[in-house]
Amino acid sequence: MTLAGRKLKCDVCGQPMRANGKTPKGTQRFRCKDPACGASASRSNTRNDVARRHELSWFLDWLFTGIMPTHISQRSFYRRTAWCWKITPPIPAPTGEIHRYLMLDGTYFNDYCVLVAYNGTHVVGWQFCDREKNASWTALIQPLVPPDIAVVDGNGPLERVICSLWPDTNLQRCYFHIRQRIHTHLTRNPGTQPGRELLALIKTLNTITTPDQAAAFQAEFASWASRWDSVLKERTYANQQRSERPSYVKLGQQWWYTHLRLRRAYKLINGLITGDKLFTWMTQSQPDEALPKTTNPLEGGVNTAAKELLRKHRGMTPKHAMKAIGWLLYFKTENPADPWTLVHPEHWETTAKTTAKQMPPERIGPALYDTAFSAQDGNGIQQGWGGRSR
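Heads up: these notes are all about the structure in this document.

Analysis parameters
Residues numbered from 1 in each chain as written. Predicted model: local features only at pLDDT ≥ 70, side-chain atom pairs only at ≥ 80, totals over all residues. Heavy atoms only, no water. Helix = DSSP H or I, 4+ residues; strand = E, 2+ residues; numbered from the N terminus. Buried < 20%, exposed > 50% of the residue type's maximum accessible area, 1.4 Å probe, protein only. Contact = heavy atoms within 4.5 Å. Pairing = 2+ DSSP bridges. Axes fitted to C-alpha atoms, helices over the stretch in contact; angles between N-to-C directions. Left-handed = near helix turned anticlockwise from the far one by under 90°. Nonpolar A, V, L, I, M, F, W, Y, C, P; charged D, E, K, R; others polar.

Side note on the side chain of T23
Tracing the chain through its elements places T23 in the loop between β3 (17-22) and β4 (28-32). In this structure T23 comes out as buried when scored by relative accessible area, which is 19%. When sequence neighbours within four positions are dropped, the list of residues in contact with T23 reads R29 and S42.

What follows is the structure, given as structure tokens:
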């Protein structure tokens, strides 16, 4: 029985229905007007979707705010909204749009990871995985049209996949992650003079706004590398050392670079300059166009929101955490549809679990091992009065 223009129609033949008394519970009963059909139904099954729609609204409000409705108990809320976990928010289908730039990054939660593609205003796509690797990044960016610029954090698998699938896309390394990696190599208070000079030079990256300043930065870096070239190449030999071998040195290694962390910081900046990944936001920009040089909009607008969502609902299972983050990302897409359009009756309908009684197989021959009583072991049915004595 369905509602169409506030008129009940028969589910069997589609003809209008008329009132036909009430059920023992007092619910209005209806019967089909077609004498050949005569199907009967009650109003109790007509507007089940209205209640489910309210429950979905409660569920989403609770998911994003952490606040439950006050007119029902906590137990009733969990019971009535349990079916909402069956809904999977859809990843937006590729539209073929060529984005000027895309920010790509991954964030971890509950031992899982979500990879996100963001165009500066809305989420373009996402992919759940166990960690950032070639297969997971390929699954995310392969359906997308290659953008002009990709802003990345320096993840190795991501850059390999971009070079393979988007060979014409220019890369821009995020300045925040550059600074973070430099601090890993040099610390925030380097103990050597070349380390202090290099850290001071890196701190000027965010102040560069013109091509002349960018050229001056590269010239200053080349001057620093030339001035400290002997320090960068300095080696320590195993037969000459007087202290313990560093933890990163292999057991049979005969020599190693004395200032390995300084070399790593140098190679990082040198690779970004030679690979044209440091000033892409400036060299590829059009007049009066501001291109991003960090992934901060993605980090602050999407990743932080995902962390905050899971912080409100501590203890979620990985499956529920992925559904929750999926809803968050879905509402950050360009044109999210009404959540109710994603719901189907099979989401809330419960199927009765019927377990067929398993009959024991027919026994052939005497039982060698059994749980029944036997007269031989004295546990069978006895005759006479047990209290009689001779």
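A word on the sheet that holds strand β10 (residues 170-173)
Across a sheet, strands are paired by hydrogen bonds formed along the backbone, either parallel or antiparallel in direction. Read across the sheet, five strands follow the order β8-β7-β6-β9-β10 without closing on themselves; strand pairing throughout is mixed. Strands with a single pairing partner mark the edges of an open sheet, and in this sheet they are β8 (123-129) and β10. Geometrically, the sheet is characterised by an average inter-axis angle of 20 degrees between neighbouring strands, direction not taken into account. Bridge count between strand β9 (residues 149-152) and β10: four bridges; the pairing is parallel. Its bridge partner lying in β10, V151 is registered against Q172. Where helix α3 (residues 134-141) meets the sheet, it contacts β6 (101-109), β7 (112-118) and β8, and its direction lies at approximately 150 degrees from that of β8.

Let's talk about the packing of helix α7 (residues 211-227) against helix α9 (residues 260-274)
One can describe the packing of α7 onto α9 by two numbers: an axis separation of 12 Å at closest approach and a directional angle of 145 degrees. Once α7 is placed against α9, the crossing between them reads as left-handed. Across the interface between the two elements, F217, Q218, F221, W224 and A225 of α7 pack against L262, Y266, I269, N270 and I273 of α9. Its residues placed into classes, the contact of α7 with α9 shows eight nonpolar, two polar and no charged.

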